[in-house]
Structure formats: structure tokens, C-alpha cells
Amino acid sequence: MSTPVIETEQLTKAYGSHRGITEVDLTVTEGEVFGFLGPNGAGKTTTIRILLDLIRPSSGRARVFGIDSAADPVAIHRRVGYVPGEFALYDRLTGGQTLGYFGNLRGGVDPAYQASLIERFDLDPSRRFKEYSKGNKQKVGLIVALQHRPELLILDEPTSGLDPLIQQTFFETLREAGASGTTTFLSSHILSEVEKSCDRVAIIRDGRIAQTGTVDALRDLAHHQVELRFAGTVPESEFRSLPGVSDLVADDHVLRMRVTGAITPVVRAAARHDLVDFVSREPSLEETFLAQYGRQAVDGSQR
Amino acid sequence: MTVQAGTPRPAAALSTIPLRRRLYGFGSIYGKTIRDSRLAFIIAAGLFGGLSLVMGAAIGTVFPNPEARVEIDKLIGSMPASMVNLFGNATLMGPKLGTLGGYMTWKYGALFALGTGLWSILALSGTLAGEAARGSLDMVAAAPFGKRRIALEKLAAHLTMLWLAMAIVAVTIVVSSNAYGTAALGDPVPLAGSWRSPLPRCSAAPARPPSRGSPWSPCGRQAAWTSAVRWSMSARSTGRSTTSRSSASTTGPASLPWGSAPSCSLPSASSCSAAATSG
């Protein structure tokens, strides 16, 4: 069995009367990409900050590389690359100076690898940080986390602001890092992102771990919101009986439904009629949780 | 017993960080803080150093001889006690209040101390709180340093810049006192004396042996200024009226028999003053 890189036991953090996280138990093994999924405010960032000893837990313990996070955080930081959920760096420094500074804080980095990351993420290192767009700022954060080839990547909402092409590059980089033994702890509130990039996943809501398992467990949660617009009368009953279809609502010539699993039966049924428009979108995690756990879970997680 | 997951990876071929970048630049938290303090340093050193030069020139021009310096007594004598002490503790200044450096220290020392204090407060409160407010603290704190080391490096960098700024002020005071002061009046401040601590020391221009016959011999000045200070302090403590203070000033320091002041050393300013008054 692989050695746990991250291990938490009954990890609890309370901000006075406000809930942080409650009795969080996690185990992340060496070399895996672990997804930490939850709606905004569920406790993902709190958990990460405790792992890095940026805040201390109210009770419970967290170990990273077998080291108690509160006992020797420097030894942990030495082996970790971290991208905070929300960060800003030095407005007056260029991207290159910023990367150089954080590289130097690590005792220096391999300049060739740093240059390759800059090229892959298509970052212009000569521009000042304040001149960067949100996505470019995020790229700087990602390169800062990756450039010293850490053994553990802790990424809090890493794709925020990145365009799809760069997201693809990022996930490729993660896969390559994983192949060389890097463990990744990826926090996200985007279901599809976790689904396609992670080996295992833990779902946190309302400060508690709701579910932990392989990424296949997410398939039960994954669904699409489909909207079909027909030219004529809506054949509602025909769609209601299709596999995976639920919450079907007919509105004039428009049909709205929730489709779990394969969308093929719906597409085939729609193709038999005079279809004017077809819209399928992935719902937000809040909507998914609403469908799965009910209103109380979503309200609770957003407190 | 805790079992560590894996072992730390062997270091790759890393770029070396030159010492100069560790001291100034992006090689360390210390170096970056020094770099970030450039503007504040230039402002502080320029402002205080420039003030030293300008004030030295002004004082040297307005009060170039012993007679003119007696006017300082009158000037101080005409000021309300609360205002006299607003500038600085004249009692502590002793006879050196009559020298260029002493006068500057008395009048602007508090301003200098206030300025450097404000700079320290702003700089030090801005180091970690500024990182937190900006949103960069988490990334810095995730570097392989303890929080204490991060804070200490930032503090050390600020103290370095503060010391450098004060060193420049010390040099400008030395230049100012030598360029605009009068050697016979004990104005020049030696570099060695100023270097130890520019602002406090600039008042402590080394006492010279009293030159009898000179109305502005060091001890004479010491006595005069001590008398002025004693007068100011007593006026303040007894709450005498402005009229009575003015009257005291004319019969106080300005009318002292400077040339007959006995030889005495700086620490015995009060006794010297008493002797001068009685003599």
C-alpha cells in the first residue's frame, strides 16, 4: 500500500461561532491526483491552509509526508508547491522577476525547466504583474508552484481565470508531474474538472466530508441540464420515459430536463422531431448538490 | 513514530543566487525588502540630509558670531516655555545648545525622531500586513522559511535602510557644520562623533578647553544655555507671565559674564551654570 502523503484525522477548525471544517478525515497517497470538491464556502481553503500550517486547527491533526503540519511546517513547505485560491503578487515586478524571486526563496530553480513552463503556459515574463489579466496572473501562480518540481502540489482552484487551451496545458503538466511521482491535491468546485483530472475525490459540503472515493463516484452526480426547442407541439411523454431523464418541464415549445448519464437517447428522440435548438450545459456544483442532496445541503454549504 | 512518505528528491541543477542579489534584489526576503525600501530611503535621507544642509547654512548665516548667537537666547527667551520644550528638552541640551549642531538638534531633533519613527511604523506595519492586504502573504509564507524568519528578515532590512539613512544624515550634518559653522564657536562636528548616532550625537560636539576671554567659550555657552533652559523651565514650572519671562531673559543668559565662566565639563552643566551666574 502506498504511503500517505496527506493524512488528516478529525480535523476541525471553528472561527468563533462560525463553522470552518468539522472532523475532516482525508488520506492522499503518493503519486495520485486527489480532487477536493465542494461548493464555495464548504471548507476547502480552510483545510488546505491547515495542511500548510498557515492556520492552526481547533482540534484534530494533519500530517503531510508524515510530518505533523504544526510541528515542522518548514520541512513540509520545502517539498510543496502551492497555489492559493485567491492571491495577488507584486504589482511593480514583472512576471519574470516574480518567478525569479520565488525561485530564489526555494534556493534556486532549474532555469531550463522554468523557461519551459513559461513557454508552455504562454506567459510574457517581461510584463509587470499589474498589467496581467486574471488568467495571466493565475499562470504566474501556477509556474511559481511548479518551477521547483515539488513532491506535492496543493492547488486551490488552480484553473480559475485560465482559458480552455491553457487549462488543457495545465492538466497535461499535472499528468506529467504525476508520472514523475508528484502527488497533487486539487481543490475545485467544478465537477467536470475534477472528473477528468483526478484519480480519487473527496466531496466536502458544510465543512464535512460528504463522500470519498474513486472518481467514478462522481458519475452519479454528473448530469446535464438540457433544453430542447421544437418548431411544433412538444412530445413530452416521449422524453419522460427515456433513461436518465428527470425533472422534465414543458413550456410551450420548449422542453427542459435533467439528464443523468449518457445523453444519446435524448439526442435520438429529439432528432425524430422538428428541432429548432438544442442547449446542453453542465450545471454548477451548487445546482448538482441541490439536485443530489436537496436545498438544505446547498444552503448549509454557503453559510 | 511518524513515517515520512518517500524521501525528499535530490536537488536538480539549480541556478546559484549571487550574494549581491541576496543583499539587494530578488535573492532573499531581506534583499527584496531592501529593494522595496529604495524610495522611502531616498526620501528620508534626502529630506533629513537636505534639511541638515539647509538649516546649517541658515544658522551659520543668521548667527555667524557670538553677538548674533546671544540673539538665540533672546529668541528662546521670548518664546513661551511650552513652545521651547515643544522643540526638544533644552535642559538636556546643556551648553551645546549654542553650537550649530546643538541648536539644530534642539530645534529639529524631535522632528527627525518623529520622521524616522513614522517611517519605521509605516514600513514595519506595511511589511507583513502589506503582504496580507495585497494577498501575497500565503505564497511567501508557503516558502521554506518559518514565519519568524520572514518577519526578522523584513525587520533587518528596514533597520539596515534606517541605519544607512541616518549615516547619510550624519555625513550631511558633519559637512553642514564644517561648511557653514564657525570653528571658534565650537560648531564643527567631527565625523567620528556623529557616526555613532547622528541625531543624538550631533548635539554633543566635543567640549573644547575653555578659552578665557572669549565670550562664546564652550563653558560660557554651556552656562548661558543652561541658564536659558533653567529660566525656561522655572518659568514653565512656576507659571510666570510672559512679561516676567521677558524681563528674566534680559537679565538672564544674555547678560551673563561669559568670559569669566569657569572651566567645567559637560556633565556638570548645572553647577557650571551656577558658577557662571555667581561669578
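Criteria and thresholds
Residues numbered from 1 in each chain as written. Chains lettered and ligands numbered in written order. Predicted model: local features only at pLDDT ≥ 70, side-chain atom pairs only at ≥ 80, totals over all residues. Heavy atoms only, no water. Helix = DSSP H or I, 4+ residues; strand = E, 2+ residues; numbered from the N terminus. Buried < 20%, exposed > 50% of the residue type's maximum accessible area, 1.4 Å probe, protein only. Contact = heavy atoms within 4.5 Å. Areas by Shrake-Rupley, 256 points an atom, 1.4 Å probe, with all protein chains shown as cover. Lys, Arg positive; Asp, Glu negative; His and termini not counted. Charge placed at Lys NZ, Arg CZ, Asp CG, Glu CD. Pairing = 2+ DSSP bridges. Right-handed = clockwise from strand over helix to strand, strands pointing away. Core = buried A, V, L, I, M, F, W, Y, C linked by side-chain atoms within 4.5 Å. Axes fitted to C-alpha atoms, helices over the stretch in contact; angles between N-to-C directions. Salt bridge = Lys/Arg side-chain N within 4 Å of Asp/Glu carboxyl O. Phe/Tyr/Trp six-rings, centres within 6.5 Å; stacked < 30°, edge-to-face > 60°. Buried area = accessible area lost by both parts, 1.4 Å probe. Polar contact = N/O pair within 3.5 Å; in protein donor to acceptor, adjacent residues only side chain to side chain. Nonpolar A, V, L, I, M, F, W, Y, C, P; charged D, E, K, R; others polar.

Describe the overall build of chain B, naming the residues involved and giving the relevant values.
On a plain count of helices and strands, chain B comes out with 14 helices and 0 strands. N-terminal to C-terminal, the α/β element order of chain B is α-α-α-α-α-α-α-α-α-α-α-α-α-α. Burial status across chain B gives 47% buried among its 279 residues. Considering only contacts in chain B between residues 6 or more positions apart, those separated by 24 or more positions represent 70%.

Give a detailed account of the overall build of chain A, specifying residues and quantitative values.
When helices and strands are counted, chain A shows 11 helices and 14 strands. With the principal axes as the frame, chain A shows a C-alpha extent of 70 × 45 × 40 Å. By residue count, 52% of the 303 residues in chain A fall in the buried class. Long-range pairs, those at least 24 residues apart, make up 67% of the contacts in chain A with a sequence separation of at least 6. Split by element, the accessible area of chain A, about 12900 Å² in all, is 47% carbon and sulfur. For chain A, the centre of its 34 positive side-chain charges and the centre of its 40 negative side-chain charges are spaced 4 Å apart.

Pulling in residues and values, what's your account of the pairing of strand β7 (residues 152-156) of chain A?
Residues and elements named next belong to chain A. Counting buried positions along β7 gives 5 out of 5 residues, so the element sits mostly inside the fold. The alternating pattern of β7 places Leu 152, Ile 154 and Asp 156 and Leu 153 and Leu 155 on opposite faces, both of which are buried. Here strand β6 (residues 80-83) runs beside β7; their pairing, made up of 4 bridges, is parallel. Bridge assignment links Tyr 82 to a residue of β7, and that residue is Ile 154. Since β7 and strand β8 (residues 183-188) lie parallel, the crossover through helix α6 (residues 164-179) that links them has a hand, and here it is right-handed.

Before we move on, can you summarise the nonpolar core with the specific residues and values?
Core analysis: the biggest nonpolar cluster contains 46 residues, and A:Leu89, A:Phe102, A:Phe121, A:Val140 and A:Phe170 have the highest contact counts within it. With 6 residues, helix α5 (residues 134-146) of chain A is the largest single contributor of residues to this core. The residues touching A:Leu89, leaving out its near neighbours within four places in the chain, are A:Thr98, A:Phe102, A:Phe129, A:Val140, B:Arg134, B:Ser136 and B:Met139. Ranked by size, the runner-up nonpolar core spans 32 residues in total, among them B:Phe41, B:Phe48, B:Ile72 and B:Ile76.

Describe the environment of B:Val171, and please don't skip the residues or the numbers.
Residues and elements named next belong to chain B. Among the secondary structure elements, Val 171 is positioned in helix α9 (residues 147-180). With relative accessibility at 37%, the residue Val 171 sits in the partly exposed group. Sequence separation of Val 171 and Leu 191 is 20 residues, and the distance between their C-alpha atoms is 7.0 Å.

Let's hear about the sheet that holds strand β14 (residues 275-281) of chain A: which residues, and what values?
Residues and elements named next belong to chain A. Read from one edge of the open sheet, 4 strands run β12-β13-β11-β14, paired in antiparallel fashion. The open sheet terminates on both sides in strands that have one partner only, identified here as β12 (245-251) and β14. Pairwise comparison of adjacent strand axes, ignoring direction, gives a mean angle of 15° for this sheet. The strands touched by helix α9 (residues 264-271) within the sheet are β11 (223-230), β12, β13 (254-260) and β14, with β11 carrying the most contacts at an inclination of about 0°.

Tell me about the pattern of salt bridges, and please be specific about residues and values.
Close approach of charged atoms allows side chains with opposite charge to pair. Residue and element names in this part refer to chain A. Considering all chains together, one arrives at 23 salt bridges over all chains under this definition. The partner of Glu 23 in a salt bridge is Arg 208, and the shortest N-O contact between them spans 3.9 Å. Of this pair, Glu 23 sits in strand β2 (residues 18-29) while Arg 208 sits in strand β10 (residues 208-214), and the two are 185 residues apart along the sequence. Assessed through its relative accessible area of 43%, Glu 23 is described here as partly exposed.

Give me the lowdown on the packing of aromatic side chains, citing residues and values where you can.
Under the defined criterion, the tally for this structure stands at 12 aromatic pairs over all chains. Summarising the aromatic geometry, the rings of A:Tyr90 and A:Phe102 are spaced 6.4 Å apart at their centres and angled 15° between planes, so their arrangement reads as stacked. Of this pair, A:Tyr90 sits in the loop between β6 and α3 (95-105) while A:Phe102 sits in helix α3, and the two are 12 residues apart along the sequence. With respect to burial, A:Tyr90 and A:Phe102 carry one shared label: buried. Relative to B:Phe26, the ring of A:Tyr101 has its centre 6.5 Å away and its plane inclined at 65°; by these criteria the two rings are edge-to-face. Taken together, the residues A:Tyr101 in helix α3 and B:Phe26 in the loop between α1 (19-23) and α2 (29-36) connect one chain to another.

Which residues make up the side chain of A:Thr94, and what values go with them?
In this fold, A:Thr94 is placed in the loop between β6 and α3. With near-sequence residues (within four places) excluded, A:Thr94 lies in contact with A:Pro125, A:Ser126, A:Arg127, A:Arg128 and A:Phe129.

Describe the interface of chain A and chain B, with residues and values.
Chain A puts 43 residues into the contact, and the matching count from chain B is 32 residues. Summing both partners gives a buried area of about 3300 Å² for chain A against chain B, and 59% of it is carried by carbon and sulfur. Of all residues in chain A, the largest losses of buried area upon contact with chain B belong to A:Tyr90, A:Tyr101 and A:Leu105, amounting jointly to 19% of the total for that side. Inspection of the chain A/chain B interface yields 1 salt bridge. The salt bridge involving B:Asp138 is made with A:Arg49; its shortest N-O contact spans 2.4 Å. Seen at the junction of chain A and chain B, the total is 9 residue pairs in polar contact (both at pLDDT 80 or more). Counting only elements with at least two residues in the side of chain A that touches chain B, the list comes to β1 (4-15), α2 (73-77), α3 and α5 of chain A. Across the side of chain A that touches chain B, the residue classes tally to 20 nonpolar, 12 polar and 11 charged.

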